[in-house]
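As a plain string of letters, each chain reads:
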Amino acid sequence: MKWKKFKQRNGYHSTIVLLTDINKLDTIALIVSKDADKVASALNSSVVDAAFELPGVVSRKKQIIPFLQDAFEA
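Draft legend 1. Examining unusual backbone geometry more closely. Not every positive phi belongs to a glycine, and Asn-44 is a case in point at roughly 55°. Topologically, Asn-44 is positioned in the loop between helix H2 (36–42) and strand S3 (51–55). In this model, Asp-49 sits at a positive phi of 55°, which is unusual for a non-glycine residue. Examined against the element boundaries, Asp-49 turns out to sit in the loop between H2 and S3.

Here you go:
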């Protein structure tokens, strides 16, 4: 998977690609992280094959970032 190399090369903690369907008003997240389960849990989801679903999520600013900040500041 090229995302693992991208994450390592740049020294990122996690790499997450968010695919949002504005017609269905939901998002699918593709993730490479040793904390993938923690990320998904913070967003009320669970990881299956390096991906998780976020029904009803369309705003990264309002519906994703605050929950990730809370999960990783604790």
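This is not the end of the story, as more comes after the structure.
Draft legend 2. Fine view of the nonpolar core. With 13 residues, the main nonpolar core has Ile-31, Val-39, Leu-43, Phe-52, Leu-54, Ile-64 and Leu-68 as its most contacted residues. When contributions to this core are tallied by element, the ones reaching two or more residues are strand S2 (26–33), H2, S3 and helix H4 (65–73). By residue number, the principal contributor to this core is H2, which donates four residues. For Ile-31, the residues in contact, after removing those within four places along its chain, are Thr-15, Ile-16, Ala-36, Val-39, Ala-50 and Phe-52.

Draft legend 3. Seen up close, the sheet that holds S2. Taken together, three strands build an open sheet; the order of strands is S1-S2-S3 and the sheet is antiparallel. On the outer flanks of this sheet lie strand S1 (14–21) and S3, each paired with one strand and no other. Across the sheet, the mean angle separating the axes of adjacent strands is 20° when strand polarity is ignored. With five bridges connecting them, S2 and S3 associate as antiparallel partners. When the bridges of S3 are listed, Leu-30 appears paired with Ala-51.

Cut-off values and rules
Residues numbered from 1 in each chain as written. Predicted model: local features only at pLDDT ≥ 70, side-chain atom pairs only at ≥ 80, totals over all residues. Heavy atoms only, no water. Helix = DSSP H or I, 4+ residues; strand = E, 2+ residues; numbered from the N terminus. Core = buried A, V, L, I, M, F, W, Y, C linked by side-chain atoms within 4.5 Å. Buried < 20%, exposed > 50% of the residue type's maximum accessible area, 1.4 Å probe, protein only. Contact = heavy atoms within 4.5 Å. Pairing = 2+ DSSP bridges. Axes fitted to C-alpha atoms, helices over the stretch in contact; angles between N-to-C directions.

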